[in-house]
Amino acid sequence: MTTFRLLKQFNEADHARSVDRRKRIGPPDAAAFPGDGLADKLARALCEHRATRFRELVEAFEFFAVARKFARAPAVVDLCGGHGLVAALFVVFEPEVERALVVDKRRTQDFDLVLAAIAEVAPWTRGRVTFAESRIENARALLPERAGYVAVHACGRRTDTALDLAIADRAPIAAMPCCHAVGASAAPAALKQQFGDAAVDIERTYRLEREGYAVRWDHVSPLITRKNRVLLGRPRPR
Ligand SMILES: C[S@@+](CC[C@H](N)C(=O)[O-])C[C@H]1O[C@@H](n2cnc3c(N)ncnc32)[C@H](O)[C@@H]1O
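The shown structure was predicted, so the numbers you read here are calculated from the model rather than taken from an experiment.

A. A look at the site of the ligand. The full set close to the ligand counts 16 residues, and Cys80, Gly82, Lys105, Ile136 and Val152 are the nearest of them. When the residues that make up the shell around the ligand are grouped by side-chain class, the tally is five nonpolar, four polar and seven charged.

Put into structure tokens, the structure is as follows:
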């Protein structure tokens, strides 16, 4: 089984059984994060603020653990970022990241709850994580320079739009796709028939490579989500 990299307590059977909880976190859930490290402290604050659902919390931390070295840059853009926790984690943990921008078509209260929780434990993040309420398709003009991109479950074609934005900037990108539109993919029919969702990501991988990217695949634990493949693309030096 894939190990948990940041929330290591979930590698123990008792904890692992508790990952797939779709309910919103609350103060009693803080018991799942008993450690003295920054990750557990942040998770406890998120529970106190009832900021996300349980699985979203674990997913964001573990995606960040996979993506952090790939996507870090002076600015990080979290496309279709929803609650914005992934963006916030970059500013908390990665000194190189000066600011992060969440782009989503709808800003919800979850983003404010995440910011409030994070600011309590990591006050250096204040004012450095912002939100742009925009469709990703119209986001180009909003994006900072020298950015790294992340897209977690951006859903279907929006992962491709995220790749387009990164390619246009020759920026690194870490994407965990979901809702693969197998029928609409440019992947060869035989691959789609044989491999389904994976064929879509294989086609994305070839596309990034054609655009001059070095691509790796990684994943978060399947206990968190079955849509756990992470595409990591970084432009090769010209
Ligand atoms: C499955 S959620 C993922 C949210 C977050 N990244 C996460 O991992 O929890 C998909 C997100 O995409 C946003 N979204 C859907 N269509 C969008 C669009 N065209 N442009 C920007 N955001 C969009 C939704 O509002 C939602 O927050």
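B. Highlighting the nonpolar core. If you look at the biggest cluster of nonpolar residues, it comprises 78 residues, and the most contacted ones within it are Val76, Ala88, Tyr149 and Ala162. It is helix H3 (residues 54–71) that contributes the most residues to this core, 12 residues altogether. Filtering out sequence-adjacent residues up to four positions away, Val76 remains in contact with Ala71, Ala87, Phe90, Val97, Ala100, Ala147, Gly148 and Val150.

C. The arrangement of the pairing of strand E3 (residues 129–133) in detail. As paired strands, strand E2 (residues 99–104) and E3 are joined by five bridges and run parallel to one another. When the sheet's bridge partners are listed, Asp104 is paired in E3 with Glu133. With respect to chirality, the unit in which E2 leads through helix H5 (residues 109–121) into the neighbouring parallel E3 is right-handed.

D. Spotlight on the sheet that holds strand E1 (residues 75–79). Taken together, the seven strands give an open sheet; going across it, the order is E3-E2-E1-E4-E5-E7-E6, and neighbouring strands pair in mixed fashion. The two strands at the open ends of the sheet, each matched to only one other strand, are E3 and strand E6 (213–219). Neighbour to neighbour, the strand axes of the sheet diverge by 20 degrees on average, direction disregarded. Two strands pair when backbone bridges link them, and E6 and strand E7 (residues 229–235) are joined in this way by seven bridges, in the antiparallel orientation. Across the sheet, the residue bridging to Ala214 is Arg234, located in E7.

E. Main features of H3. In this model, H3 (18 residues) spans 24 Å end to end at C-alpha, consistent with the 26 Å of a helix rising 1.5 Å per residue. Counting buried positions along H3 yields 16 of 18 residues, so the element is predominantly enclosed.

F. A look at the environment of Leu38. Residue placement: Leu38 occurs in helix H2 (residues 38–48). By C-beta crowding, Leu38 is classed as partly exposed, having 13 other C-beta atoms within 10 Å. Each C-alpha atom, one on Leu38 and one on Leu89, is 11 Å from the other, the two residues being 51 residues apart in sequence.

G. Expanded view of the environment of Ala199. If you trace the backbone, Ala199 turns up in helix H8 (residues 197–210). Ala199 sits in the buried class, given 21 other C-beta atoms within 10 Å. Note: C-alpha distance between Ala199 and His180 (19 residues apart in sequence) is 9.4 Å.

H. Broad picture of the packing of H2 against H5. Contact pair H2 / H5: the axes reach a minimum separation of 8 Å and the direction vectors enclose 135 degrees. Judged by the inter-axis angle, H2 sits oblique to H5. Crossing hand, H2 versus H5: right-handed. Between H2 and H5, the residues in contact are Lys41, Leu42, Ala45, Leu46 and Glu48 and Val114, Ala117, Ile118, Glu120 and Val121, respectively. Grouping the amino acids of the contact of H2 with H5 by side-chain chemistry returns seven nonpolar, no polar and three charged.

I. Layout of the packing of H3 against helix H4 (residues 85–93). Where H3 meets H4, the closest approach of the two axes is 9 Å, and the angle between their N-to-C directions is 55 degrees. One finds that H3 runs oblique with respect to H4. Note on packing geometry: the crossing formed by H3 with H4 is right-handed. Contacts between H3 and H4 involve Ala60, Phe61, Phe63, Phe64 and Arg68 on the former and, on the latter, Leu85, Val86, Leu89, Phe90 and Phe93. The class makeup of the residues in the contact of H3 with H4 is nine nonpolar, no polar and one charged.

What counts, and at which threshold
- Residues take numbers from 1 onward in each chain, read along the sequence in its written order.
- Two thresholds apply to this predicted model, a pLDDT of at least 70 for residue-level local features and 80 or more for giving and counting side-chain atom pairs, whereas whole-chain, interface and lining totals are computed over all residues.
- Each residue gets a C-beta atom placed from its backbone. Should that atom fall within 6 Å of a molecule or strand, the residue is termed near it.
- When residues are sorted by character, Ala, Val, Leu, Ile, Met, Phe, Trp, Tyr, Cys and Pro go into the nonpolar class, Asp, Glu, Lys and Arg into the charged class, and all the rest, Gly among them, into the polar class.
- The nonpolar core criterion groups buried Ala, Val, Leu, Ile, Met, Phe, Trp, Tyr and Cys residues into a set whenever they are joined through C-beta atoms within 7 Å.
- Using C-beta atoms placed from the backbone, we call a residue buried if 20 or more other C-beta atoms fall within 10 Å of its own, exposed if 12 or fewer do, and partly exposed for counts in between.
- Runs of E in the DSSP output that reach at least two residues are strands. Runs of H or I that reach at least four are helices, and both are numbered from the N terminus.
- By definition, residues are in contact whenever their C-beta atoms, placed on the basis of the backbone, come within 7 Å of each other.
- Two strands are counted as paired when DSSP detects at least two bridges linking them.
- Seen with its strands pointing away from the viewer, a crossover is right-handed when the path leading from the first strand over the helix to the second is clockwise.
- Axis definition: a line fit to C-alpha positions, over the contact stretch in the case of helices; interaxial angles, taken between N-to-C directions, run 0 to 180 degrees.
- To estimate how far a helix should extend, the number of its residues minus one is multiplied by 1.5 Å.
- Angles are sorted into four bins: roughly parallel if under 35 degrees, roughly antiparallel if over 145, roughly perpendicular if 65 to 115, and oblique for all others.
- Crossings are assigned a handedness: left-handed for a near helix turned anticlockwise from the far helix by less than a right angle, right-handed for a clockwise turn.

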